[in-house]
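One-letter residues, chain by chain:
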Amino acid sequence: MAEAVAAIQAPCPWHRDTLNQLLSRREAGRLPHALLFSGPAGIGKERLALALLQVLLCESPRGGIACGRCHGCHMTTGGTHPDMCLTEPAEAGKAIRIDQIRELVEFASRTPQYGGHRVALVRPAQAMNRNAQNALLKTLEEPGSNTLLILVCDQVSALLPTVRSRCQQQLLTPPPLSVSEPWVAGQLAVPERAAPLLAAAGGAPLRAVALEQADWFAERAALVQALARLASGQASAVVIARQFAGYDTLALLEACYGWTRQALRLSQGATHVTDPELANAMQHLARVSPIVLLQFAQALSRARRLFVSGANPNKELLLEQLLLVLTGAGPRNALSA
Ligand SMILES: [Zn+2]
């Protein structure tokens, strides 16, 4: 099930050292046969995994990157390399089926066709259900010779402990703002949007760029205004929850958390607003009682943890419960820890 990779992938700049370290370990014969790239979505884990796959199957890599010209590279980018296997859901958001895992298991048991490595990539690994994960266990422990399995995962808690323990985990974190902000700014038509987009994306640079493409930036002012209206009793939590239920939930929770913290600081006399276009709405939000703002921030933080733990709550209900906290209904009604 090799599918097209489309183009030669370089890792994101903040992962170059990690890729070089992995390649040095391979040179020294110390690369394990199963790697788990874990960390938040949108930080470039997949690009790193693809870059590693491509460089391992390239006949003449240069500086840790696949050459893009050799027969191996033509086959990886064309999706025809017999020594690669990409396992992913047929549609985004769907599960990886057990028959896909059986194909992977069969792939991993063969010997390399081109005498080098065989590389299998599972993305995202949390899309495997329990049965699919169990079907992979034996292969994770003992794949064929010269075979590397790479699992890319945004929610490690969704993986069975037996899967995790059979992989060497490479925990990847968002790069520092000093690195991510100039990089995101370089991808945007309006570079000044980098900081607020990164804040809404929890510091994940690729997510920040995706939010811009999804028009998140244009919509965020409406959300802050809705929060301010809700807090002053001019709107209903039910209506606002319905209005925003279709948004990227994680971005919504992270952005609301950031704005609430900022409103708290404004209410305590601070004057700096990260996102100048929101200054007016932020001033309205800052008029809410600091205790209520604090309770709202805490409820948002708990909801975020719930969300990234792999739980799949009803978005509209979750938002409604959260928004009620901002009306002063109190934290008891919303996601008490
Ligand atoms: Zn090549």
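Residues numbered from 1 in each chain as written. Predicted model: local features only at pLDDT ≥ 70, side-chain atom pairs only at ≥ 80, totals over all residues.

### Here's the deal with the overall build of the protein
And step 1. Check the secondary structure of the protein and you find 15 helices and 5 strands.
And step 2. Reported as C-alpha extents along the three principal axes, the dimensions of the protein are approximately 70 × 40 × 30 Å.
And step 3. Considering only residue pairs separated by 6 or more positions, the protein has 72% of its internal contacts joining residues 24 or more positions apart. (Helix = DSSP H or I, 4+ residues; strand = E, 2+ residues; numbered from the N terminus. Contact = placed C-beta atoms within 7 Å.)

### Structural notes on the pairing of strand E3 (residues 118–122)
And step 1. The element E3 is extensively covered by neighbouring structure, given that 5 of its 5 residues are classed as buried.
And step 2. Residues Arg118, Ala120 and Val122 point to one face of E3 and Val119 and Leu121 to the other, with burial holding for every one of them.
And step 3. As defined by bridge partners, strand E2 (residues 84–87) adjoins E3 across 4 bridges and the pair is classed as parallel. Residue pairing across strands places Met84 opposite Val119, the latter belonging to E3.
And step 4. At this point the chain moves from E2, through helix H4 (residues 98–109), to the parallel E3, and the crossover so formed is right-handed.
And step 5. Pairing geometry for E3 and strand E4 (residues 147–153), over 5 bridges, is parallel. (Buried ≥ 20, exposed ≤ 12 C-beta atoms within 10 Å, placed from the backbone. Pairing = 2+ DSSP bridges. Right-handed = clockwise from strand over helix to strand, strands pointing away.)

### Here we look at the domain arrangement of the protein
And step 1. Each assigned domain of the protein is listed with its residue range as follows: domain 1 (13–171) and domain 2 (215–333).
And step 2. Here the C-alpha centroids of domain 1 and domain 2 sit 38 Å apart. (Domains from an automatic or database assignment.)

### Comments concerning the packing of H4 against helix H5 (residues 130–141)
Two quantities define a packed helix pair, namely the angle between the axes and the distance from one axis to the other.
And step 1. One can describe the packing of H4 onto H5 by two numbers: an axis separation of 9 Å at closest approach and a directional angle of 5°. Considered as vectors, H4 and H5 are oriented roughly parallel to each other. Contacts between H4 and H5 involve Ile98, Ile101, Arg102, Val105 and Ala108 from the former and Asn131, Ala132, Ala135, Leu136 and Thr139 from the latter. (Axes fitted to C-alpha atoms, helices over the stretch in contact; angles between N-to-C directions. Parallel < 35°, antiparallel > 145°, perpendicular 65-115°, else oblique.)

### Examining the nonpolar core
And step 1. Of all hydrophobic cores here, the largest spans 52 residues; its most connected members are Leu227, Leu285 and Leu323.
And step 2. Broken down by secondary-structure element, the contributors of at least two residues to this core are helix H8 (194–200), helix H9 (205–213), helix H10 (216–231), helix H11 (237–244), helix H12 (249–267), helix H13 (279–285), helix H14 (290–308) and helix H15 (315–329).
And step 3. Top contributing element to this core by residue count: H12, with 9 residues.
And step 4. Filtering out sequence-adjacent residues up to four positions away, Leu285 remains in contact with Val224, Leu227, Ala228, Ala231, Trp259 and Ala263.
And step 5. If you look at the next biggest cluster of nonpolar residues, it comprises 45 residues, including Leu56, Leu57, Cys58 and Leu121. (Core = buried A, V, L, I, M, F, W, Y, C linked by C-beta atoms within 7 Å.)

### A few points about the pairing of strand E1 (residues 34–38)
And step 1. By the criterion of burial, E1 is predominantly enclosed, with 5 of the 5 residues buried.
And step 2. Alternating residues of E1 divide into Ala34, Leu36 and Ser38 and Leu35 and Phe37, and every residue in both groups is buried.
And step 3. As paired elements, E1 and E4 share 5 bridges and run parallel to each other. Counterpart to Leu35 in the pairing with E4 is Ile150.
And step 4. Taken together, the 4 bridges between E1 and strand E5 (residues 168–171) define a ladder with parallel strand orientation. Across the sheet, the residue bridging to Leu36 is Gln169, located in E5.

### Here we look at the sheet that holds E4
And step 1. One open sheet accounts for 5 strands, arranged E2-E3-E4-E1-E5; its pairing is parallel. Lying at the two open borders of the sheet, with one neighbouring strand each, are E2 and E5. Strand-to-strand twist across the sheet, computed as the mean angle between neighbouring axes with direction ignored, equals 15°.
And step 2. Most of the contacts of helix H2 (residues 45–57) go to E4, to which it runs at about 165°, and overall it touches E1, E2, E3 and E4.
And step 3. Sitting on the sheet, H4 is in contact with E2, E3 and E4, with an inclination near 165° to E2.

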